[in-house]
Amino acid sequence: MKTIEHWINGVATPAGSTRTAPVYNPATGRQQANVLLAESSDVDTAVAAAGKAFEQWGNSSLSQRTKVMFAFRELLVRHEDELARIISAEHGKVIDDARGEIVRGREVVEYACGIADALKGGFSDQVSRDVDVHNFRQPLGVVAGITPFNFPIMVPSWMHPIAIATGNTFVLKPSERDPSASRLVAGLYAEAGLPDGVFNVVNGDKVAVDAILDHPGIAAVSFVGSTPIAKYVHERATTSGKRVQALGGAKNHAVVLPDADLEYAADHLTAAAFGSAGQRCMAISIGVAVGDAGDKLVEILRRKAAEVKVGPGDQDGNDMGPVITEAARTRVADAVTSGAAQGATVVVDGRGLSVPGHESGFFVGPSLLDHVTAEMDAYREEIFGPVLGIVRVSTVDEAIALINANPYGNGTAIFTGSGEAARRFQREVKVGMIGVNVPIPVPMSYYSFGGWKDSLIGDSPIHGPEGVHFYTRAKVVTTRWPNTDAGFNFPTSS
């Protein structure tokens, strides 16, 4: 059985690690690899390598950095199929889903290819007599990223391309559940010409996380995961004097008005709720049916949920793969059971699904719950699985109030043919990312990604302009060049 090593200073290495964790194929339920779990000393080794590399990389030219990013981008294109199959084998998502996340991650690399424009400073002439002022941004040094299992390419790509293109060096701690994609990315960076030590991968668990949060040689930490852990990361890392990006969980609502095209809305809600087995921080887990939309929408959703084909992610024709672990499957089933016990109507029941030939896989089918209320566990908790709950309200104002009362504020959407309703919705909801007839409103790479309330701990969104600012700090320079007249007389000894 293969062992997945770290990547430190340009080479794959076990470093000083002796502990391992199993890596499963969720479609079969069988272990397919071991991954080494770093000790604090291994983090020290990676940070030392990154610190040494920063001495040169931090002073490298913008043209050198963008040359590497252009080459890295082309390698991501060339290896897209290989990366997608690695993701599917360890995460479980279908190949097309895996390709989709690679494309979205590559868009951030493309933004980093134009980093010179994002780093342009400002200049003010003659702010006072013979005085000018200009500003510019410089990298922080060694920075780190701690990323979740659900997007092993895309979420790290929200971090490291911007960090590296702005002149920092990077230490990535990916999820130990699906670490192989990050190992391949490290090799692609090396092939693209990135100097040794600029990008490092340290696999691990809480030991590695705490070592990163406490390390005095790390200037900033980026994190994406659950809200409780985001709060922990933010508190511990800021106590250590670090900058922190900490993105937490979500409970995303999609509001459907009676004037919406209900077939269109149901198509997109089905994909947004059950794609990637619901294991997305931007997944729609609550549909809010307004007024007369309720019965018709639920009937269409029932039909479409029943049509979702569940099976191994690497087999053509499947729409949804397994969830990541047996524990995740149990959690999803328990959420449906809890919803039924608390009064929800189970319209489509995904519990107990068995896929022929893959009976030991971590499969669960799509579930649709109707008549969900805000008091139910199925509404309050982030299930992180293929469960769509339907809450019924009478008006748009009730829908907005429901969303605003929720502790999360990551993403939301509205399906309507009314510009007035859409405009009122987008102005009044207390949510960071909003879709109008778009179910998963993940911003393009040249905008920044970040929610409100418990979905973003602190005030630092990720990638785009906010990402550039996070990984750099500004200097403002005030200059005066006085007029020193040396005269035109022939020099003498006097």
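Anything mentioned here points back to the structure above.
In this report, the structure presented in the accompanying data block is examined.

The subject of this paragraph is the packing of aromatic side chains. Tallied over the full model, the rule gives 9 aromatic pairs. Relative to Phe 199, the ring of Phe 170 has its centre 6.2 Å away and its plane inclined at 15 degrees; by these criteria the two rings are stacked. Placement of the pair is Phe 170 in strand 9 (residues 169–173) and Phe 199 in strand 10 (residues 199–201), with a sequence separation of 29 residues. Phe 199 matches Phe 170 in its accessibility class, with the two residues each being buried. Each member of the aromatic cluster is reached from another via a ring pair, and the members are Phe 72, Phe 170, Tyr 189 and Phe 199.

Quick look at the packing of helix 2 (residues 62–78) against helix 4 (residues 95–113) now. Close contact between helix 2 and helix 4 brings their axes to 8 Å; oriented N to C, the two are set at 155 degrees. Classified by the interaxial angle, the pair formed by helix 2 and helix 4 is roughly antiparallel. You can see that helix 2 and helix 4 cross each other, and the crossing is left-handed. On helix 4, the residues touching Thr 66, Met 69, Phe 70, Phe 72, Arg 73, Leu 76 and Val 77 of helix 2 are Arg 106, Val 109, Glu 110, Ala 112 and Cys 113. A class-by-class count of the residues in the contact of helix 2 with helix 4 yields 8 nonpolar, 1 polar and 3 charged.

A word on the layout of surface pockets. Empty space among the atoms becomes visible once a probe the size of a water molecule is rolled across them. Size it by volume and the largest pocket reaches roughly 720 Å³. Around the largest pocket, the lining is made up of 30 residues, and of these Pro 148, Phe 223, Gly 225, Ser 226 and Ile 229 lie nearest the centre. Considered class by class, the residues forming the lining of the largest pocket number 13 nonpolar, 9 polar and 8 charged.

When the terminal C-alpha atoms of helix 1 (residues 40–57) are compared, their 25 Å separation across 18 residues agrees well with the 26 Å that a helix rising 1.5 Å per residue should span. Taken as a whole, helix 1 has its buried residues at Asp 42, Val 43, Ala 46, Val 47, Ala 49, Ala 50, Ala 53 and Trp 57. The buried residues of helix 1 occupy one face: seen down the axis, they fall within an arc of 160 degrees. For helix 1, the exposed residues lying more than 90 degrees away from the buried face are Ala 48 and Lys 52.

Conventions adopted
- Residues numbered from 1 in each chain as written.
- Predicted model: local features only at pLDDT ≥ 70, side-chain atom pairs only at ≥ 80, totals over all residues.
- Heavy atoms only, no water.
- Phe/Tyr/Trp six-rings, centres within 6.5 Å; stacked < 30°, edge-to-face > 60°.
- Helix = DSSP H or I, 4+ residues; strand = E, 2+ residues; numbered from the N terminus.
- Buried < 20%, exposed > 50% of the residue type's maximum accessible area, 1.4 Å probe, protein only.
- Axes fitted to C-alpha atoms, helices over the stretch in contact; angles between N-to-C directions.
- Parallel < 35°, antiparallel > 145°, perpendicular 65-115°, else oblique.
- Left-handed = near helix turned anticlockwise from the far one by under 90°.
- Contact = heavy atoms within 4.5 Å.
- Nonpolar A, V, L, I, M, F, W, Y, C, P; charged D, E, K, R; others polar.
- 1 Å grid on protein atoms, 1.4 Å probe; cavity = no way out; pocket = protein on both sides within 12 Å on 5 of 7 lines; lining within 4 Å.
- Points joined across faces, edges and corners; volume = space filled by probe spheres on them.
- Expected span 1.5 Å × (residues − 1).
- Arc of directions from axis to C-beta.

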